[in-house]
Amino acid sequence: MSNYHIKHLEEYYQVYRKSVREPENFWEEVAEEHFMWRKKWDNVLSWDFSKPEVKWFEGAQLNITENCIDRHLATRGNKTAILFEPNNPNEASISISYKELSERVNKFANVLKDHGIEKGDRVCIYLPMIPKLAVSVLACARIGAIHSVVFAGFSSTALSTRINDSQCKMVITSDGSYRGSKTIDLKGIVDEALNDCSCVETVLVVKRIQSDIHMESGRDKWLQPLLDNASSICPVEVMNAEDPLFILYTSGSTGMPKGMVHTTAGYMVYTAYTFKNVFQYREDDIYWCTADIGWITGHSYIVYGPLANGATTVMFEGVPSYPDYGRFWEIVQKHKINQFYTAPTAIRALAKQGLEVVEKYDLSSLKTLGSVGEPINEEAWHWYNDNIGKKKSPIVDTWWQTETGGIMITPIPFVTPTKPTYATLPFIGIQPALMDENGYEIKGNQVDGRLCIKFPWPSMARTIWGNHQRYKDTYFSAFENKYFTGDGALRDEVGYYRITGRVDDVIIVSGHNLGTAPIEDAVNEHPAVAESAIVGFPHDVKGNALYGYVILKDTGESRDHTNLRKEINQIITEHIGPIAKLDKIQFTPGLPKTRSGKIMRRILRKIACNDTSNLGDTSTLLNPEVVQSIIDGAKDSK
Ligand code: WT7
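Residues numbered from 1 in each chain as written. Predicted model: local features only at pLDDT ≥ 70, side-chain atom pairs only at ≥ 80, totals over all residues.

A.B. asks: Would you mind going over the overall build of the protein chain with me for this structure?
C.D. replies: Assigned secondary structure in the protein chain consists of 20 helices and 30 strands. Against the compact-globule benchmark of 26 Å for 638 residues, the protein chain has a radius of gyration of 24 Å, which places it among compact chains. Overall, the C-alpha framework of the protein chain stretches about 75 × 65 × 55 Å when taken along its three principal axes. Within the span of the protein chain, comprising 638 residues, buried residues form 50% of the whole. Long-range pairs, those at least 24 residues apart, make up 69% of the contacts in the protein chain with a sequence separation of at least 6. (Helix = DSSP H or I, 4+ residues; strand = E, 2+ residues; numbered from the N terminus. Rg over C-alpha atoms; globule rule 2.2 N^0.38 Å. Buried ≥ 20, exposed ≤ 12 C-beta atoms within 10 Å, placed from the backbone. Contact = placed C-beta atoms within 7 Å.)

A.B. asks: Quick question: what am I supposed to make of the site of the ligand here?
C.D. replies: In the vicinity of the ligand lie 23 residues, with Pro-375, Gln-401, Thr-402, Ile-499 and Asn-513 positioned nearest. Mapped onto the shell around the ligand, the elements with two or more residues apiece are α11 (296–308), β19 (368–372), β20 (395–398), β24 (483–491) and β25 (497–502). It is β24 that contributes the most residues to the shell around the ligand, three residues altogether. Counted by class, the shell around the ligand contains nine nonpolar, ten polar and four charged residues. (Near = placed C-beta within 6 Å. Nonpolar A, V, L, I, M, F, W, Y, C, P; charged D, E, K, R; others polar.)

A.B. asks: How should the domain arrangement of the protein chain be read in this particular structure?
C.D. replies: Often, the extent of an interface is quoted as the loss of accessible area on bringing the components together. We note that the domain assignment places domain 1 (9–489) and domain 2 (510–637) within the protein chain. Between domain 1 and domain 2, the residue contacts involve 19 residues of the former and 18 residues of the latter. Secondary-structure elements contributing two or more residues to the side of domain 1 that touches domain 2 are α7 (156–165) and α13 (344–351). Looking at the side of domain 1 that touches domain 2 element by element, the count peaks at four residues for α13. (Domains from an automatic or database assignment.)

A.B. asks: Any chance you could explain the sheet that holds β24 here in plain terms?
C.D. replies: Within a beta sheet, neighbouring strands are joined by backbone hydrogen bonds and run either parallel or antiparallel to one another. Reading across the sheet, the four strands line up as β21-β22-β24-β25 and stay open at both edges, with antiparallel pairing between neighbours. Two strands lie at the open edges of the sheet, namely β21 (432–435) and β25, each paired on one side alone. On average, adjacent strands in this sheet sit at an angle of 45 degrees to one another, irrespective of strand direction. In terms of strand pairing, strand β22 (residues 447–453) meets β24 through six bridges, oriented antiparallel. When the bridges of β24 are listed, Ile-453 appears paired with Tyr-483. (Pairing = 2+ DSSP bridges. Axes fitted to C-alpha atoms, helices over the stretch in contact; angles between N-to-C directions.)

A.B. asks: Explanation requested: the sheet that holds strand β5 (residues 94–97) in the structure shown.
C.D. replies: Strand order in the open sheet formed by seven strands is β5-β4-β17-β16-β18-β19-β20, with mixed pairing between adjacent strands. Unpaired on one side and paired on the other, β5 and β20 mark the two borders of the sheet. Mean inter-strand twist for the sheet, computed between neighbouring axes without regard to direction, equals 20 degrees. Here strand β16 (residues 286–289) pairs with strand β17 (residues 312–316) via three bridges, running parallel. In the sheet register, Trp-288 faces β17, and the bridge partner there is Val-314. Of the strands in this sheet, β4 (80–85) and β5 touch helix α5 (residues 98–114), which is tilted by about 80 degrees from β5.

A.B. asks: Teacher, can you tell me more about the pairing of β24 here?
C.D. replies: As a general feature of sheets, a regular strand has side chains that alternate between the two faces. Direction of pairing for β24 relative to β25: antiparallel, over a ladder of five bridges. Paired with Asp-487 across the two strands is Arg-502, which belongs to β25. Connecting β24 to the antiparallel partner β25 that follows it, the hairpin turn spans five residues, and Gly-495 within it adopts a positive phi of roughly 95 degrees.

A.B. asks: Teacher, can you tell me more about the pairing of strand β7 (residues 146–149) here?
C.D. replies: Residues Ile-146 and Ser-148 line one face of β7 and the alternating positions His-147 and Val-149 line the opposite face, and both faces are buried. Pairing analysis gives four bridges linking strand β6 (residues 122–126) to β7, with the strands arranged parallel. Along β7, the bridge assignment pairs Ile-125 with Val-149. In this fold, the crossover linking β6 to β7 by way of helix α6 (residues 131–143) has right-handed handedness. (Right-handed = clockwise from strand over helix to strand, strands pointing away.)

A.B. asks: Whenever I open this one, the nonpolar core confuses me. Can you help?
C.D. replies: Burial of nonpolar side chains together is a common tendency in soluble globular proteins. In this structure, Tyr-126, Val-137, Val-171 and Val-269 are the most contacted members of the largest nonpolar core, which totals 188 residues. In this structure, this core is formed jointly by two domains, domain 1 (9–489) and domain 2 (510–637), each of which donates at least three residues. In contact with Tyr-126, not counting residues within four places along its chain, are Val-150, Ala-152, Leu-159, Val-171, Thr-173, Leu-186 and Val-190. (Core = buried A, V, L, I, M, F, W, Y, C linked by C-beta atoms within 7 Å.)

A.B. asks: Can you walk me through the packing of α7 against helix α8 (residues 186–194) in this structure?
C.D. replies: To characterise two packed helices, one gives the angle between the axes of the helices and the distance between these axes. Orientation of α7 relative to α8, taken along the N-to-C sense of each, is 55 degrees, at an axis distance of 8 Å. Overall, the two elements α7 and α8 adopt an arrangement that is oblique. Crossing hand, α7 versus α8: right-handed. On α8, the residues touching Ser-156, Leu-159, Ser-160 and Ile-163 of α7 are Ile-189, Val-190, Glu-192 and Ala-193. For the contact of α7 with α8, the class distribution of residues is five nonpolar, two polar and one charged. (Parallel < 35°, antiparallel > 145°, perpendicular 65-115°, else oblique. Left-handed = near helix turned anticlockwise from the far one by under 90°.)

A.B. asks: Help me understand the environment of Ile-568 in this model?
C.D. replies: Tracing the chain through its elements places Ile-568 in helix α18 (residues 561–575). Between the alpha carbons of Ile-568 and Val-550 there is a distance of 9.9 Å; along the sequence they are 18 residues apart. For Ile-568, the residues in contact, after removing those within four places along its chain, are Val-523, His-526, Val-550, Leu-582 and Ile-585.

A.B. asks: Help me understand the environment of Thr-271, please; the structure alone is not making it clear to me.
C.D. replies: Tracing the backbone through its elements, the reader meets Thr-271 in helix α10 (residues 264–278). Sequence separation between Thr-271 and Asn-309 is 38 residues; the distance between their C-alpha atoms is 9.7 Å. Excluding residues that lie within four positions of it along the chain, Thr-271 makes contacts with Ser-300, Tyr-304, Gly-305, Ala-308, Gly-405, Gly-406 and Ser-459.

A.B. asks: Would you take a moment to explain unusual backbone geometry for this structure?
C.D. replies: Comment: phi is negative for the bulk of residues other than glycine, and the bulk of peptide bonds are trans. That bond from Lys-51 to Pro-52 is cis: its omega, -20 degrees, falls within 30 degrees of zero. Relative to the helices and strands, Pro-52 resides in the loop between β1 (43–48) and β2 (53–58). Between Tyr-322 and Pro-323 the backbone carries a cis peptide bond, its omega angle lying at -5 degrees. Looking at the element boundaries, Pro-323 is found in the loop between β17 and α12 (327–335). A positive phi angle, near 50 degrees, is found at Lys-390, a position not held by glycine.

See the structure below:
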């Protein structure tokens, strides 16, 4: 019996129950039936959340690129693996077949080897959304190098922090990137970052925008001539199930980003299985996820999940607004997209443009719509459902995280009845729990609490690179024997989950996960700033926007606030990237603090939302008088 494709709700419940009662048997069957192993496992699962230590398919040997490429060659060699749609609609799109992908990955893998990259070495990839990005990821995986993709919108400081943290030996980048009508000097950003990174020996440079860039002799090399001379046969490195596949950084509650480590076998099995079921992918479908491969969504659901299923996956280089706000729909029509997966922030931005730009295009190919990255509000959900899906393509609101590797709570299209703003039911094998503040699990329905997961799943991150203690403290210490997600959730009368948002110091802006601490650190770098606190407030396109409370140093002289605002945002752009810029800045004489010196963000959040009716008990504050002055000053925030 194949339990790979769930077909109706009863079957979901049946398979779900089995996956919970006999998780090892369940995942063993999935792993046996659908993948290529060099050697099968000795043990399906061993785990201990108190350490925490989780191992799936121990003893197994494989290479994920054999599963994503080689095994398809006999049956799907000429099928399109990657369909590339460039930033400029007048530039031709490119179809890369599985056979061509195989050649490209093998050549690239040989170039990596020629430059001394070996199993276990870290390679940083800082590229725009062009086919070379996917190819370089796969080339690393083929030889067992650990890729660390850094989103090519991050600043040079953010890049150097990540390169140094995992001691990357190589950086793969391009001469620049196209982004709508702009070009970005990626190589210049890399050059600046590398002033602080002594670990990098080689920089491979892809030509994309034909710009005139500096090439550091001995370090920087144009990639194309190397590929032209490389052999298209590169035997795979045989990997152990728990060998690291990649590192991907995510923001945390301190300044240092967390390098989440994902391993090979479990990640492959779970992303492939979820891809197939959550999108109900059928052999000739064209699937498009609009994310960037710089985020986990791109790793799992542009590259690995789709390719492990022999799917056709679209890569789009551009932005939704270029050359106009109809671009997404034009691409859906052009490539007859069947599954379309995007983020609520994009949906809200596009909904604002009115229906004219949608109605010009034929969207009848669409079968399934996806949403990911943040809670989707009711209005956006209906707009998406009515105008894009025409009420016939179910929306899968998929809740998951960089740390979870794959989709965790989601409807299965044509199987799970959808409900606006609800991610609905746990995926097969996922055991959620809602916890109260005293650490007890809240049973039953119509309840809300902190969202935890009680049992391991194959694609969970195994550690934080170089800091296992932080992994334990962040995810396994709040609730005993449970993985804590950092999100709050409610469970309705039928057991559907609705994610209500972060309960920690992470703010999701336009679907980007931003920690308040690193942004505060950046703001505090400004010589005039004494202290700062960042909170989120609702924004109709971005979901949340950032509001900064800033205390200036007392120098006795008056300062030009307009300039200060610009300078502060400039520093944030340099340290993190433009996505972390503050929408509003309020200069304030003080911040509300508890007696232990902790900033009471709850109060600041309420003031930023202009909701000062019920600030709760402020009498326990160290400085209760400051609250009124912050409320009074809020009207001057800009
Ligand atoms: C956080 C994880 C998973 C890929 C993109 C983000 C929020 C994500 C949903 C959703 C409500 C969501 C959560 C989560 N989130 N998807 N469907 N509904 N919230 O990955 O950057 O690691 O962020 O994004 O708050 O914890 P990430």
